[in-house]
Amino acid sequence: MVKGQLVEGAEVTHDMPCPEYRERITAWADGELQDPREVAALKTHMRGCEGCRIYAEAEAATKRLVTAAYAVPVQVGVLRARIREKLDALTVPKPRRSPVLVPRLAWGALAAVLLATLTIGYLTFQPKATVEASPLVRAAVTDHVECMLGRLPLEVTTTDQEEVSRWLLGRLARPIVLPASVPKGEVKMSTRWARLARAEGAQILVDRGGRMHSLFIMPVREVSGTLGRQVTLADREFFVNQLEGYTVVFWRQGDLLYCLVSDREEQEVLGLAAEYAGSSAS
Amino acid sequence: MRGDNDTWGQSSRGEFEAVVLPHLEAMLRLARFLMRGNLADAEDLVQDTVFRAFEAFPRFQPGTNLRAWLFRILRNAYVDLLRRRGRQAELTESLAVPQESNSAVDEFRAQGVRERTAADLEAALAELPADLRMALLLVDGEEMRYDEVAEVMGCPVGTVRSRLHRGRRLLREQLLKLWRDRTPR
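Residues numbered from 1 in each chain as written. Chains lettered and ligands numbered in written order. Predicted model: local features only at pLDDT ≥ 70, side-chain atom pairs only at ≥ 80, totals over all residues. Heavy atoms only, no water.

Side note on the overall build of chain A
Okay, so step 1: In terms of regular secondary structure, chain A is built from eight helices and eight strands.
Okay, so step 2: When the 282 residues of chain A are sorted by exposure, 45% land in the buried category.
Okay, so step 3: The long-range share in chain A, meaning contacts at least 24 apart out of those at least 6 apart in sequence, stands at 61%. (Helix = DSSP H or I, 4+ residues; strand = E, 2+ residues; numbered from the N terminus. Buried < 20%, exposed > 50% of the residue type's maximum accessible area, 1.4 Å probe, protein only. Contact = heavy atoms within 4.5 Å.)

Printed below as a string of structure tokens:
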């Protein structure tokens, strides 16, 4: 590489640098003109062209100004401490979710509802097989909690589903439209790129009236192993898991796998999943 | 995975800090120019970049260009920030680059010797479209090669060359404008 250096002895003058040499002069000033023949041709040309020679000087002078301005030192001590503190929060074992506090007067009502639910459940449904939570389920719950606590950086925060769909564009194997589960503007959504177990995908943290749930969307081919207990709802298959007070529901749609995480009751989460699945299919 | 102590726990975090944090100063310096001198915004941008890098670190290939990888994440974070603020137009090169006569170049050279202040440079750089500004800062400030800058900006090497050429011309024009405005008439 040859660094830019001015050539003495002007013979021909031009008022402007020659268009065909301008970018080559820039590259020469940066030591990026690598072909020796090209360098020789440029030098020969500049010997006879005052316009290009002056231009080369200006390029070098501009470069020196930027270099000098950029060299002003910056202090990173406080920033480094802040980053380390947040990394501490990310790498320590995750606290388990605190139990929900129920007002004393509600205990009676809760017990009655529980008893009724258990009775109906016993009479109506087959006993459910216990499914061990897969790493994917644990990772989804962890990322959902971390996002709610503000410990994971979010990219786009918006009330506009279309904006989220635009953010998703090009990130997954095929363009997808975000399921519009509620009327436009009634939710606040924040996005991030997530890595759950070995699967990569988008996470959309949805704040609907102060209650949050996360919707993960990832290519189905990246997921293996059990997805949970199978439930059929509105002719669609869902896979349900419970972990640390959260319900995690999966469903497939084409080559994408959707995963919904929420602390609502299972039936409510299933209803929400069906709502999402229905609107994204339409 | 981050959060899974078997694969991404304290030891990985230590490795991350050891290789990434030494680049903090370079990232903050670049971010300060991208955020037009606003240090608080620049620190937020770098913090966002570090956490994105932390998440993506298990996928980083050891032996590849870490500095280019980090600056690429920083650029993506910056682009997302502009988009969130509805200022994505600042990224594009829509600002016309003026024809530059030799007399203007001469004037620049004469003025440049007398008045090369960092504040002028910052003000002039702030007027440049973000991608031109970034190409200039990476090459002249970080002394990166064109191919490294191409990796950071996700564009061909020829585009880097063109952006530098256009960026420097525009920067001279902006500096001259500043200096002419200040000259007593």
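Having seen it, we continue.
Thoughts on the environment of Val164(A)
Residue and element names in this part refer to chain A.
Okay, so step 1: Structurally, Val-164 can be placed in helix H7 (residues 161-168).
Okay, so step 2: Overall, the relative accessible area of 0% leaves Val-164 in the buried class.
Okay, so step 3: Along the chain, Val-164 and Ile-204 lie 40 residues apart, while their C-alpha atoms are 8.3 Å from each other.

Here's the deal with the interface of chain A and chain B
Okay, so step 1: With 59 residues of chain A at the contact, the number on the chain B side is 57 residues.
Okay, so step 2: Summing the contributions of chain A and of chain B, the shared interface buries around 5,700 Å²; its carbon and sulfur component is 58%.
Okay, so step 3: In this assembly, chain A and chain B are joined by nine salt bridges.
Okay, so step 4: Between Arg168(B) and Asp30(A) there is a salt bridge, and its shortest N-O distance comes to 2.7 Å.
Okay, so step 5: Taken together, the connections running from chain A to chain B amount to 18 residue pairs in polar contact (both at pLDDT 80 or more).
Okay, so step 6: Breaking the side of chain A that touches chain B down by element, the ones donating at least two residues are helix H1 (19-29), helix H3 (50-70), helix H4 (77-91), helix H6 (135-148) and strand E2 (188-196) of chain A.
Okay, so step 7: Counted by class, the side of chain A that touches chain B contains 30 nonpolar, eight polar and 21 charged residues. (Buried area = accessible area lost by both parts, 1.4 Å probe. Salt bridge = Lys/Arg side-chain N within 4 Å of Asp/Glu carboxyl O. Polar contact = N/O pair within 3.5 Å; in protein donor to acceptor, adjacent residues only side chain to side chain. Nonpolar A, V, L, I, M, F, W, Y, C, P; charged D, E, K, R; others polar.)

Section: helix H2 (residues 36-47) of chain A
All names here are of chain A.
Okay, so step 1: With 12 residues, H2 should cover 16 Å at 1.5 Å per step; its first-to-last C-alpha distance of 17 Å lies within 8% of that length.
Okay, so step 2: Considered for burial, the residues of H2 that qualify are Val-39, Leu-42, His-45 and Met-46. Viewed end-on, H2 has its buried residues packed into an arc of 125°, placing them on one side of the element. More than 90 degrees from the buried face of H2, the exposed residues found are Pro-36 and Arg-37. (Expected span 1.5 Å × (residues − 1). Arc of directions from axis to C-beta.)

Overview of the sheet that holds E2(A)
All names here are of chain A.
Okay, so step 1: Pairing within the open sheet is antiparallel, and its eight strands lie in the order E1-E2-E3-E4-E8-E7-E6-E5. With one partner strand each, in any of the chains shown, strand E1 (157-158) and strand E5 (229-233) form the two edges of the open sheet.
Okay, so step 2: Across seven bridges, the pairing between strand E3 (residues 199-208) and strand E4 (residues 211-219) is antiparallel. If you follow Val-206 over to E4, its bridge partner there is His-213. (Pairing = 2+ DSSP bridges.)

Some words on the layout of surface pockets
Okay, so step 1: The calculated volume of the second largest pocket comes to roughly 720 Å³.
Okay, so step 2: Taken together, 27 residues line the second largest pocket, and the ones lying closest to its centre are Glu155(A), Arg171(A), Arg52(B), Asn76(B) and Asp80(B).
Okay, so step 3: Within the residue set of the lining of the second largest pocket, elements represented by two or more residues are H7 and E2 of chain A together with helix H3 (39-56) and helix H4 (66-84) of chain B.
Okay, so step 4: Among the residues making up the lining of the second largest pocket, the classes are represented as 11 nonpolar, three polar and 13 charged. (1 Å grid on protein atoms, 1.4 Å probe; cavity = no way out; pocket = protein on both sides within 12 Å on 5 of 7 lines; lining within 4 Å. Points joined across faces, edges and corners; volume = space filled by probe spheres on them.)

Description of the side chain of Glu266(A)
Okay, so step 1: In this fold, Glu266(A) is placed in helix H8 (residues 266-281).
Okay, so step 2: At 3.0 Å, the side chain of Glu266(A) and the side chain of Gln242(A) are in polar contact.

Concerning the packing of H4(B) against helix H8 (residues 146-153) of chain B
Helix-helix packing is characterised by the crossing angle of the two axes and by the distance between the axes.
All names here are of chain B.
Okay, so step 1: The N-to-C vectors of H4 and H8 enclose an angle of 40°; their axes lie 7 Å apart at closest approach. Considered as vectors, H4 and H8 are oriented oblique to each other. When you trace H4 past H8, the crossing you get is right-handed. Of the residues in H8, those in contact with Arg-67, Ala-68, Phe-71, Arg-72 and Arg-75 of H4 are Glu-148, Glu-151, Val-152 and Met-153.
Okay, so step 2: For the contact of H4 with H8, the residue count by class is four nonpolar, no polar and five charged. (Axes fitted to C-alpha atoms, helices over the stretch in contact; angles between N-to-C directions. Parallel < 35°, antiparallel > 145°, perpendicular 65-115°, else oblique. Left-handed = near helix turned anticlockwise from the far one by under 90°.)

A word on the packing of aromatic side chains
The geometry of an aromatic ring pair is captured by two quantities: the separation of the ring centres and the angle between the planes.
Residue and element names in this part refer to chain B.
Okay, so step 1: Tallied over the entire structure, the rule returns eight aromatic pairs over all chains.
Okay, so step 2: With a centroid separation of 5.1 Å and an interplanar angle of 70°, the aromatic rings of Phe-16 and Phe-54 are classed as edge-to-face. Taken together, the residues Phe-16 in helix H1 (residues 10-20) and Phe-54 in helix H3 connect sequence positions 38 residues apart. Across the pair, exposure class does not vary: Phe-16 and Phe-54 are buried alike.
Okay, so step 3: Relative to Phe-60, the ring of Phe-57 has its centre 6.2 Å away and its plane inclined at 5°; by these criteria the two rings are stacked. Across the pair, Phe-60 and Phe-57 agree in class, each one buried.
Okay, so step 4: Taken together, Phe-16, Phe-54, Phe-57, Phe-60 and Trp-69 form an aromatic cluster joined through their ring pairs.
Okay, so step 5: Above the plane of the ring of Phe-33 lies Arg-32, whose end atom (NZ or CZ) is 5.0 Å from the centre. (Phe/Tyr/Trp six-rings, centres within 6.5 Å; stacked < 30°, edge-to-face > 60°. Lys NZ or Arg CZ within 6 Å of the ring centre and 35° of its normal.)

The quantities given are spatial measurements derived from coordinates; they are silent on function.
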